[in-house]
Amino acid sequence: MQHEVVVITGASAGVGRATARAFAKHGAKVGLLARGEAGLEGARQDVEANGGEALVIPTDVADADQVEAAADAIEEEFGAIDIWVNNAMTSVFSPAWEMEADEYRHVTEVTYLGCVYGTQTALDRMLPRDEGTIIQVGSALAYRGIPLQSAYCGSKHAIQGFTESIRTELIHEDSDVQLSMVQMPALNTPQFEWVKSRLPNKAQPVPPIYQPEVAADAIVWAAHHDRDELWVGRSTVKAILGNRVIPRRLDHLLARSGWDSQMTDKPEDPDRKHNLREPADDDADHGAHGAFDGRARSRSYQLWASTHPIQLLSAGFALVTLVGAVIARARRSGVACDDSSTADETALRHDRRPPATEGRDG
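Owing to the predicted nature of the structure, the values given are computational and were not obtained by experimental measurement.

(A) Quick peek at the overall build of the protein chain. If you tally the helices and strands in the protein chain, you get 11 helices and 14 strands. Among the 362 residues that make up the protein chain, the fraction classed as buried is 48%. For the protein chain, restricting intrachain contacts to residue pairs at least 6 apart in sequence, the fraction spanning at least 24 positions comes to 76%. Surface exposure of the protein chain reaches about 18300 Å², of which carbon and sulfur atoms provide 53%.

(B) Just the packing of aromatic side chains, in detail. Counted under the stated rule, the structure contains 3 aromatic pairs. Taking 6.0 Å as the distance between ring centres and 35° as the angle between the ring planes, the aromatic pair formed by Phe 93 and Phe 192 counts as tilted. Taken together, the positions of Phe 93 in strand β5 (residues 92-93) and Phe 192 in helix α6 (residues 191-194) put the pair 99 residues apart, joining distant regions of the chain. Seen in terms of ring centroids, Tyr 112 and Phe 162 are 6.2 Å apart; in terms of plane orientation they differ by 85°. Their pairing is edge-to-face. Separated by 50 residues along the polypeptide, Tyr 112 in helix α4 (residues 101-126) and Phe 162 in helix α5 (residues 150-172) bring together distant segments of the chain. Residue classification places Phe 162 among the buried positions, given a relative accessible area of 15%. Pairwise contacts between aromatic rings join Phe 93, Phe 192 and Phe 292 into one cluster.

(C) Structural detail: unusual backbone geometry. Cis rather than trans, the peptide bond between Pro 207 and Pro 208 has omega equal to 5°. Tracing the backbone shows Pro 208 in the loop between β10 (201-203) and β11 (209-210). Despite not being glycine, Leu 148 has its phi angle at roughly 75°, a positive value. Structurally, the position occupied by Leu 148 is in the loop between β6 (133-137) and α5. Note on Leu 148: relative accessible area 4%, which makes it buried. With a phi close to 55°, Asp 174 is a non-glycine residue in the positive phi region. Looking at where Asp 174 falls in the secondary structure, it is placed in the loop between α5 and β7 (178-183).

(D) Geometry of the pattern of salt bridges. As enumerated under the stated definition, the model contains 21 salt bridges in all. With a closest N to O distance of 2.8 Å, Arg 105 and Glu 109 form a salt bridge. Linking Arg 105 with Glu 109, this pair stays in helix α4, spanning 4 residues, or about one helical turn. Ionic pairing is found between Glu 268 and Lys 202, a salt bridge with its closest N-O pair at 3.6 Å. You can see Glu 268 sitting in the loop between β13 (263-267) and β14 (296-297) and its partner Lys 202 sitting in strand β10, a full 66 residues away along the chain. Via salt bridges that share partners, Arg 17, Arg 21, Asp 46, Glu 213 and Asp 285 belong to a single interconnected network.

(E) Quick look at the side chain of Arg 144. Relative to the assigned elements, Arg 144 resides in the loop between β6 and α5. Here Arg 144 falls in the buried class, since its relative accessible area comes to 12%. Excluding residues that lie within four positions of it along the chain, Arg 144 makes contacts with His 157, Ala 239, Asn 243, Pro 247, Leu 250, Asp 251 and Leu 254.

(F) Main features of the confidence of the model for the protein chain. Residues with a pLDDT of 70 or more make up 88% of the protein chain, whose mean pLDDT is 91. Of the regions scoring below 50 in pLDDT, residues 358-362 engages in 0 contacts with residues more than four places distant in sequence or in other chains.

(G) Highlighting the side chain of Thr 307. Note that Thr 307 resides in helix α10 (residues 301-307). Assessed through its relative accessible area of 12%, Thr 307 is described here as buried. At a separation of 2.8 Å, a polar atom in the side chain of Thr 307 contacts the main-chain carbonyl oxygen of Leu 303. Polar side-chain contacts of Thr 307 include one of 3.1 Å to the side chain of His 308. With residues near it in sequence (within four places) discarded, Thr 307 still touches Trp 221 and Leu 230.

(H) Examining α4 more closely. Its 26 residues place the ends of α4 36 Å apart at the C-alpha level, agreeing with the 38 Å of an ideal helix rising 1.5 Å per residue. Its axis deflected by about 40° at Leu 113, α4 carries its strongest bend there.

(I) Region of the structure containing the nonpolar core. Residues Phe 23, Leu 32 and Val 85 are the most contacted members of the largest nonpolar core, which totals 38 residues. Contributions of two or more residues to this core are made by β1 (5-9), α1 (14-24), β2 (29-34), α2 (37-49), β4 (83-86), β6 and α7 (212-223). Looking at which element gives the most residues to this core, the answer is α7, with 9 residues. Excluding its chain neighbours within four sequence positions, the residues that come into contact with Leu 32 are Ile 8, Ala 11, Ala 20, Leu 40, Ala 43, Arg 44, Val 47, Ala 54, Leu 55, Val 56 and Ile 57.

The rules behind these values
In this convention, every chain numbers its residues from 1, walking through the sequence in written order. Local features in this predicted model are restricted to residues whose pLDDT is 70 or higher, and side-chain atom pairs enter the listing and the counts only when it is 80 or higher, whereas totals over whole chains, interfaces and linings include all residues. In computing side-chain properties, one takes all heavy atoms of the structure into account and sets aside hydrogens as well as water. A helix here means a DSSP run of H or I that spans at least four residues, while a strand means a run of E at least two residues long, and both kinds are numbered starting from the N terminus. For every residue, the accessible area (1.4 Å probe, protein chains only) is compared with the maximum for its type, and the residue is labelled buried under 20%, exposed over 50%, or partly exposed between those bounds. Here a residue-residue contact requires only that any non-hydrogen atoms of the pair lie within 4.5 Å. Here the accessible surface of atoms and residues is derived via Shrake-Rupley with a 1.4 Å probe, and residues count as covered only by protein chains that are part of the display. For Phe, Tyr and Trp, where Trp contributes only its six-membered ring, two rings pair if their centres lie within 6.5 Å, and the inter-plane angle classes them as stacked under 30 degrees, edge-to-face over 60, or tilted in between. Only one rule defines a salt bridge in this text: a Lys or Arg side-chain nitrogen within 4 Å of an Asp or Glu carboxyl oxygen. Note: pLDDT gives the predictor's confidence per residue, expressed from 0 to 100. Any pair of nitrogen or oxygen atoms within 3.5 Å is treated as a polar contact; in protein, a donor-acceptor pairing is required on top of that, and neighbouring residues in sequence qualify only through side-chain atoms on both sides. What a helix is expected to span follows from its residue count: subtract one and scale by 1.5 Å. Fitting one axis to the seven residues ending at a residue and another to the seven starting there, the bend at that residue is the angle between the two axes. Only buried Ala, Val, Leu, Ile, Met, Phe, Trp, Tyr and Cys residues count toward a nonpolar core, and they belong to the same one when joined by side-chain atoms within 4.5 Å.

Structure, rendered in structure tokens:
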């Protein structure tokens, strides 16, 4: 992975920030795309501190021309792009009937069309070389919509359909360009502090919550393995599979629990700054983590199992072998005990026989 050229959108905070660090640890050259200049500068420092090289390019991914120009600058500085990570997003916490048309438009432009523009830009450069990897940062919400996030869920669903369509086209062309979507669980990122919200209380990720480094590890792994889709976290697996089996039941379950589970008990400030149209990290670096460090998990055993199938199979085989050996030993011990008991009973019966009569007179 050393010296790979990686482009990450939404790199100034959250998952993008953690992913930039993860690639930098392997010596990658990382193009950092986002709107917030303070966050981008923090990301640059992170990459360089972890052994990588960084190029900061303030970019609004909702503008296709800006995305194209950023790609040109990165290839001029670092060379051909090996990996492109579409991660930029924004959202609005609100019931659908309170949403404004412009809010739907802007969430869609950033979260969905930003992914489309990034994918097109990457394909323009990777297809002629017949190599390269594109990673779409998805969500369990790409399959299962939840209340209060209709704009975001709609965008993630759209990315899922878009990605499947492009994948079939790549297969048709017999292309070696890899396209993967990584479906994420609830993550402890700063988005809950800066997305626009109409909720009475502060927003929170629906537990269980994972640290953004878990997501970053999954992205780096997916970038180097031919996997069409990677699910991260047991909650993601449950949401996707549950929606396939009992979608209507989940509708009613989320109707009951989906509101309160997305809010803390602290009141929201209706006048706080948000990032729907302007970056929230122009004058302050928010980093990778949100406000839920005390509740967030730093590892996912499900992800480990999914990305280490050989080790999991070996461990399972070793466990079966061990259990078999214990059972066999117990059976041998039982047989030995039975044989010993039989011998003791035989000897006891023999001892109780009346003695033979010797020299009896006629």
